[in-house]
Amino acid sequence: MNRVVYIDGHYYPKDEARVSVFDHGFLYGDGVFEGIRAYNGRVWKLDDHLVRLYESAKSVMLDIPLSPAAMAEAVVETLRRNDLREAYVRLVVSRGPGDLGLDPRRCPRPTVVVIADTISLFPEAVYVDGLKVVTVATRRNQNEALNPRIKSLNYLNSILAKLDANHLGYHEVLIMNSEGFITEGTGDNIFIVRRGVLITPPNTSGILEGVTRAVVLDLAKTAGLPASETDFTRHDLYTAEECFLTGTAAEVIPVVEVDGRSIGNGKPGPATLALTKAFRAKTQAEGTEIFPRPRQARAS
Ligand code: PMP
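What you see is a predicted model, and the numbers here were worked out from it, not measured in a lab. Counting of residues starts from 1 at the beginning of each chain's written sequence and follows it residue by residue. Where local features are concerned, this predicted model is filtered to residues with pLDDT of at least 70; where side-chain atom pairs are given and counted, the filter is 80 or more; whole-chain, interface and lining totals use all residues. Where side-chain values are given, they derive from all heavy atoms of the structure, hydrogens and water being excluded.

A. Spatial organisation of the packing of aromatic side chains. Pairing of aromatic rings covers Phe, Tyr and Trp, the last through its six-membered ring, and needs centres within 6.5 Å; plane angles under 30 degrees mean stacked, over 60 mean edge-to-face, and all others mean tilted. Throughout the structure, instances matching the rule amount to five aromatic pairs. The interplanar angle of 70° and the centroid separation of 5.2 Å between the aromatic rings of Phe 33 and Tyr 155 together place this pair among those described as edge-to-face. In this pair, Phe 33 is assigned in strand S3 (residues 31–39) and Tyr 155 in the loop between strand S7 (131–139) and helix H5 (156–168), connecting sequence segments 122 residues apart. Exposure is judged per residue with a 1.4 Å probe applied to protein chains only, and the accessible area is read against the type maximum: over 50% gives exposed, under 20% gives buried, and values in between give partly exposed. Judged by relative accessible area, which is 28%, Tyr 155 ranks as partly exposed. Aromatic rings pair up to connect Tyr 39, Trp 44 and Phe 279 into one cluster. By definition here, charges over rings are those cases where NZ of Lys or CZ of Arg is within 6 Å of the ring centre and within 35 degrees of the ring normal. It is Arg 261 that lies over the ring of Tyr 238; its NZ or CZ is 4.0 Å from the centre. In this arrangement the basic side chain of Arg 280 is found over the ring face of Tyr 127, its NZ or CZ atom lying 5.0 Å from the centre. In this description a helix means any DSSP run of H or I spanning at least four residues, a strand means any run of E spanning at least two, and both kinds are numbered starting from the N terminus.

Right, dumping it as structure tokens:
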């Protein structure tokens, strides 16, 4: 099917969807974005993604020219026009076209883009057997330089770590902050289970506040699994019973080896499997309807 892309209120065929080379998103990575998923005809956690988008924009003083409600409608309408029920959506708000200088004041109109496409899933074997990962030399951006909580168009920090991953021959790698605490992967948050407690790094340690991370913390609460947002080091990770990564694209992926040490018994652990199951059930059952169903005729 020929896909259409939303740009500033209009829908263009994929091949004609273009933005200016003077856009500061292109020239400087000046802008913010979201990666959103649709399952079973519903957009998963749309409001949470929009909250994060508007927070990222506020932090970089980017005035999004649409209300959150209008933005939600643009996302849903883009999925509708592409007839997608299972999808990955990329929502981008860039600073917009300006001159060749840095100054955002020269960019009067931000550019809003919504791209919807099918999602390429990780192979099922990854979920069954688990991932092997390594920690890399590239450190997470410092909060005082470029806060990783801002989901900005400048993803070079993660791309540098991805280059480490490619070079070392791993699908995903773990990034530490400058203090040596584990932060996250290139595009996923991390959890460990150590001495029966589910632990994930706090928002201040150099992570993106993942939407999936928040869902998993909620699921843990419901399941009565003690959880804590605490910094941890490689030692905690090596000696954990379980480890997994979370993200919109990845969902919940077990990690079974880190830097050559097996985690637990080297197989996805029981908490990881239970949380994965609960997560999948929730994604199938909840979300914003893309194709509102006609009201049921009342049985007389
Ligand atoms: N960290 C980074 C750096 C990411 O890019 C992502 C993907 N958006 C995540 C974590 C996971 O966040 P979410 O669960 O919201 O997709």
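B. Inspection of the side chain of Arg 3 at higher detail. Positionally, Arg 3 belongs in the segment before strand S1 (4–7). Judged by its relative accessible area of 14%, Arg 3 is buried. Polar side-chain contacts of Arg 3 include one of 3.5 Å to the backbone oxygen of Asn 82. What qualifies as a polar contact is a pair of N or O atoms within 3.5 Å, subject to a donor-acceptor requirement within protein and to the restriction that residues adjacent in sequence count only when both atoms come from side chains.

C. Fine view of H5. Multiply 1.5 Å by the residue count of a helix minus one, and that product is the helix's expected span. With 13 residues, H5 should reach 18 Å at 1.5 Å per residue; the first-to-last C-alpha distance of 18 Å fits that figure. When H5 is considered as a whole, its buried residues turn out to be Asn 157, Ser 158, Ala 161 and Ala 165. With its buried residues spanning 95° around the axis, H5 presents them on a single face. Exposed residues pointing more than 90 degrees away from the buried face of H5 are listed as Leu 156, Asn 166 and His 167. The contact criterion used throughout is that any non-hydrogen atoms of two residues lie within 4.5 Å. The elements touched by buried residues of H5 are S7 and strand S8 (173–176). Following H5 by one or two positions, Gly 169 has its phi on the positive side, about 85°. Starting at the helix axis, one direction is taken to each C-beta atom, and the arc is that of these directions.

D. A look at a nonpolar patch on the surface. A patch consists of residues whose relative accessible area exceeds 30% and which take part in no salt bridge; residues with like charges are grouped when within 9 Å of each other, and nonpolar side chains (Val, Leu, Ile, Met, Phe, Trp, Tyr) when within 5 Å. Per-residue and other accessible areas were derived by the Shrake-Rupley procedure at a 1.4 Å probe size, with only the shown protein chains allowed to occlude residues. Salt bridges are identified by distance alone: a Lys or Arg side-chain nitrogen within 4 Å of an Asp or Glu carboxyl oxygen. Taken together, the side chains of Val 21, Phe 22, Phe 26, Leu 27, Tyr 28, Leu 100 and Leu 102 present a nonpolar region at the surface, about 720 Å² in accessible area. Within the element layout of this structure, Leu 100 appears in the loop between strand S5 (87–94) and strand S6 (111–117).

E. Local environment of the pairing of S7. We call two strands paired when DSSP finds no fewer than two bridges between them. Taken together, the three bridges between S7 and strand S14 (residues 251–258) define a ladder with parallel strand orientation. Opposite Lys 132, over in S14, you have Glu 257 as the bridge partner. In this structure, S7 lies alongside S8, joined through three bridges in parallel fashion. In the sheet register, Arg 139 faces S8, and the bridge partner there is Met 176. What joins S7 to S8 is H5, and the crossover it makes is right-handed. Consider the strands pointing away from the viewer: the crossover is right-handed when the path from the first strand over the helix to the second runs clockwise.

F. Broad picture of the site of the ligand. The local shell around the ligand holds 16 residues, among which Tyr 155, Glu 184, Val 211, Thr 212 and Thr 248 are the closest. Note that a nitrogen atom of the ligand is positioned 2.9 Å from one of the side-chain N or O atoms of Lys 151. Within the backbone of Val 211, an N or O atom sits 2.8 Å from an oxygen atom of the ligand. In isolation the ligand has 380 Å² of accessible area, and contact with the protein removes 93% of it. Broken down by secondary-structure element, the contributors of at least two residues to the shell around the ligand are helix H6 (211–223) and strand S13 (242–247). Grouping the amino acids of the shell around the ligand by side-chain chemistry returns three nonpolar, eight polar and five charged. Whether a residue is near a molecule or strand depends on its heavy atoms: if one lies within 4 Å, it is near. Put simply, Ala, Val, Leu, Ile, Met, Phe, Trp, Tyr, Cys and Pro go in the nonpolar bin, Asp, Glu, Lys and Arg in the charged bin, and everything else, Gly too, in the polar bin.

G. Region of the structure containing the domain arrangement of the protein. Domain boundaries shown here were taken from an automatic or database domain assignment. For the protein, the assigned domains are domain 1 (4–117) and domain 2 (124–285). Placing the centre of domain 1 and that of domain 2 at their C-alpha centroids yields a distance of 26 Å. Both faces combined, the contact of domain 1 with domain 2 buries some 1,900 Å², and carbon together with sulfur accounts for 61% of it. Simply put, the buried area is the total loss of 1.4 Å probe accessible area from both parts when two parts are fitted together. Of all residues in domain 1, the largest losses of buried area upon contact with domain 2 belong to Phe 33, Trp 44 and Arg 52, amounting jointly to 34% of the total for that side. The interface formed by domain 1 and domain 2 contains one salt bridge. The residue Glu 251 makes a salt bridge to Arg 37 at a minimum N-O spacing of 3.8 Å. Counting the contacts that link domain 1 with domain 2 gives ten residue pairs in polar contact (both at pLDDT 80 or more). Listed by contribution, the elements that provide at least two residues to the side of domain 1 that touches domain 2 are helix H1 (24–28), S3, strand S4 (42–44), helix H2 (46–59) and S5. At eight residues, S3 tops the list of elements feeding residues into the side of domain 1 that touches domain 2. Looking at the side of domain 1 that touches domain 2 residue by residue, the classes come out as nine nonpolar, nine polar and eight charged.

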